[in-house]
Amino acid sequence: MDTEALRSFVRAAELGQLRHAADELGVTQQAVSKRIAALERKLGVRLFTRTARGVELTLDGQAFLPHAQSIVAAVERAVAAVRPGSRALRVDVLGLRSAQALVLHDYWRSRPESGLDVVTLRVNDPRVAAAAVAAGDIDASFRTVTDPDALPPGVRMIHAFDSPLELLVGPEHPLASASSLTPAQLRKHRIWVPGIAPLSEWSDFYDQLVTAFDLRIDAAGPHFGDEVLLDTLAESGQVATLVGARDRYTWPAEYDLRRIPVVSPTLAYPLSLIVPATNPHPGLRGVIAHLEGLPALAGPVWRPTWAT
């Protein structure tokens, strides 16, 4: 069914005159009349009767109007959902409990009138996310392409913020009572980080972390989710993991897990935002300003080479 014919019928019914409907739709009165006539032929009923004042709905027209209005409204919502100038800002994050999502939530709480659509692309290769930004499928992505030459044309990458790492351990772990730890104190302890995917930015991050500080990062086994990881930490006196200071984890009180900052130097995971090089979504301006206002990390900080 022709949606323009439906729109013409709805506006003519609401305004009571074909001429007024034509003026609002930006077409001629003859075009509106032809659209409605074609719609009547499609339905096999008369929708209007002409009067001295304009047009009035027939009984069939009255029955059809609320359904036509619903269809027109749904079409307008569908168009708005994909039009960059009017739809909500669509931003990709690694996970809804990640530091990226929490920073976006803070931004939205400060500006609740902002249209924001937080999505999670199920991809590990950041170049795939960058290509989605270039294609306009999303407006921005919290990913880092560690080789800038691998960025697709039409996008650029800006620094978002640094996420300091913490050691997460159970109450029986030898380091559980520490208030802070240095990277040197982590040596020889098993740090289990399941789910380090090839081609991902975090794969390169952990490779450089191991090389820089001689750490024992273990990525063995499939990643069955955060709940299984937290269960393992609570039950073990030997296993620890690294988490971002802003990342959100919840566990039962009886687990008594400890989050311990790593300092001297702080181990920082640099987060980037991939955005279009030209014609970005208008909502990105506010998000970038919010990111620029985040406090910088104090003291000595270690970052991977691609952070600079």
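Note that this is a predicted model, so its numbers are computed, not measured.

S.K.: Quick question: what am I supposed to make of the packing of aromatic side chains here?
M.R.: Between two aromatic rings, the relevant description is the distance of the centres plus the angle of the planes. Across all of its chains, the model carries eight aromatic pairs by this definition. Their ring planes at 50° and their centres at 5.4 Å tell us that Phe 9 and Phe 48 sit as a pair that is tilted. With Phe 9 in helix 1 (residues 3-15) and Phe 48 in strand 1 (residues 48-51), this residue pair connects regions lying 39 residues apart in the sequence. The burial state of Phe 9 is the same as that of Phe 48; both residues are buried. Ring centres of Tyr 269 and Trp 306 lie 6.4 Å apart, and the angle between their planes is 75°; on these two criteria the pair is classed as edge-to-face. Here Tyr 269 is found in strand 11 (residues 266-276), whereas its partner Trp 306 is found in the segment after strand 12 (301-302), with 37 residues between them in sequence. An aromatic cluster of at least three residues, connected via ring pairs, comprises Phe 205, Tyr 206, Phe 213, Tyr 269, Trp 302 and Trp 306.

S.K.: I would appreciate a short explanation of the environment of Leu 102 in the present structure.
M.R.: Relative to the elements of secondary structure, Leu 102 occurs in helix 5 (residues 99-110). Leu 102 sits 184 residues away from Gly 286 along the chain, and the two C-alpha atoms are 16 Å apart. Look past the residues within four positions of Leu 102 in its chain and what remains in contact with it is Arg 97, Arg 246, Asp 247 and Arg 248.

S.K.: What should I look at first to understand the nonpolar core in this one?
M.R.: Where a protein is soluble and globular, its nonpolar side chains tend to be buried together. Formed by 46 residues in total, the largest nonpolar core has its most connected members in Phe 142, Phe 161, Leu 167, Leu 209, Leu 273 and Leu 291. Residue assignment for this core shows that the elements contributing at least two residues are strand 3 (89-92), helix 5, strand 6 (155-169), helix 8 (201-213), strand 9 (239-244), strand 11 and helix 10 (284-292). Discounting chain neighbours no more than four positions away, the residues touching Leu 209 are Leu 165, Asp 214, Leu 215, Leu 242, Leu 267 and Trp 302. Leu 6, Val 10, Val 32 and Phe 48 belong to the second largest nonpolar core, which has 18 residues in total.

S.K.: Could you clarify how one ought to interpret helix 9 (residues 226-235) in this entry?
M.R.: Along helix 9, the residues that are buried comprise Leu 229, Leu 230, Leu 233 and Ala 234. Relative to the axis of helix 9, the buried residues are bounded by an arc of 135° and lie together on one face. Looking at the buried side of helix 9, the elements it contacts are strand 6, strand 7 (190-192) and strand 9.

Procedures and definitions
Residues numbered from 1 in each chain as written. Predicted model: local features only at pLDDT ≥ 70, side-chain atom pairs only at ≥ 80, totals over all residues. Heavy atoms only, no water. Phe/Tyr/Trp six-rings, centres within 6.5 Å; stacked < 30°, edge-to-face > 60°. Helix = DSSP H or I, 4+ residues; strand = E, 2+ residues; numbered from the N terminus. Buried < 20%, exposed > 50% of the residue type's maximum accessible area, 1.4 Å probe, protein only. Contact = heavy atoms within 4.5 Å. Core = buried A, V, L, I, M, F, W, Y, C linked by side-chain atoms within 4.5 Å. Arc of directions from axis to C-beta.

All quantities given are derived from atomic positions and should not be read as evidence of function.
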